[in-house]
Amino acid sequence: MLKGPSQREEGDFRRKSDEVTNMDNYLNVLKDSLIKKESILTTLIDKSEKQADIVKADQVNWDEFTKIVDEKGELIDEIMKLDDGFENLYARIKEGLEENKELYKDIISEIKTLIKSVTEKSANLQAIEYRNKSIIESAFANTRKEIKQSKLGQKAAADYYNKMNKINTIDP
């Protein structure tokens, strides 16, 4: 008479099957996190380029510039959360993943490709931000100079009006 698997063997098989399913789910979460990070980096690059255009304009729209700075801050916060989640999850599954590299080689390859893309986009964003820094500093300096000249112009006009008023008060 043929005997089926023992309860222990069935339990081991189910546990192993659940571990594989969980690992697949975890790896898909890591992959999705990287896809989202890649998308956010693309948006940050676009916003940084728009910032450069704003600052290069003859008349800088500081309100629009500030709006973009705020939007970028929110996106950076989102990236930080994604990074924290990615690192925590990876630390949790690292050992099991290393033990079964061959089983997960396809999704590991996809994740590596995404990490490479994210790294390239991060480097591109850093380069844009580095270039923008000098452009922005120059625009700030020009704006400060314009404000100073405006204040000097207002002071000269006030002095002129005060002196003219004194002439009007001189008796003939």
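Details of the structure are given in the entry above.
This is a predicted model, so every value here is computed, not measured. (Residues numbered from 1 in each chain as written. Predicted model: local features only at pLDDT ≥ 70, side-chain atom pairs only at ≥ 80, totals over all residues. Heavy atoms only, no water.)

1. What to know about the overall build of the protein chain
Across its full length, the protein chain holds three helices and zero strands. Counting from the amino terminus, helix and strand elements in the protein chain follow one another as α-α-α. Out of the 172 residues belonging to the protein chain, those deemed buried represent 23%. Counting only carbon and sulfur atoms, one obtains 52% of the accessible surface of the protein chain, whose full area is about 13,100 Å². (Helix = DSSP H or I, 4+ residues; strand = E, 2+ residues; numbered from the N terminus. Buried < 20%, exposed > 50% of the residue type's maximum accessible area, 1.4 Å probe, protein only. Areas by Shrake-Rupley, 256 points an atom, 1.4 Å probe, with all protein chains shown as cover.)

2. Considerations on the side chain of Lys-37
One can find Lys-37 in helix 1 (residues 7-56). Once residues lying within four places of it in the same chain are set aside, the contact partners of Lys-37 are Ile-79, Leu-82, Asp-83 and Val-118. (Contact = heavy atoms within 4.5 Å.)

3. Structural notes on the pattern of salt bridges
Going through the model one piece at a time under the given rule, you end up with seven salt bridges. Put simply, Glu-129 and Lys-72 hold a salt bridge, and the shortest N to O gap is 2.4 Å. You can see Glu-129 sitting in helix 3 (residues 105-168) and its partner Lys-72 sitting in helix 2 (residues 62-99), a full 57 residues away along the chain. (Salt bridge = Lys/Arg side-chain N within 4 Å of Asp/Glu carboxyl O.)

4. Here we look at the layout of surface pockets
Reported here for the largest pocket is a volume of approximately 390 Å³. Residue lining of the largest pocket: 19 residues in total, with Leu-30, Phe-86, Tyr-90, Ile-111 and Ile-115 positioned closest to the centre. At the level of elements, helix 1, helix 2 and helix 3 are the ones that each hand at least two residues to the lining of the largest pocket. The element best represented in the lining of the largest pocket is helix 2, accounting for seven residues. Here the residues of the lining of the largest pocket sort into eleven nonpolar, two polar and six charged. (1 Å grid on protein atoms, 1.4 Å probe; cavity = no way out; pocket = protein on both sides within 12 Å on 5 of 7 lines; lining within 4 Å. Points joined across faces, edges and corners; volume = space filled by probe spheres on them. Nonpolar A, V, L, I, M, F, W, Y, C, P; charged D, E, K, R; others polar.)

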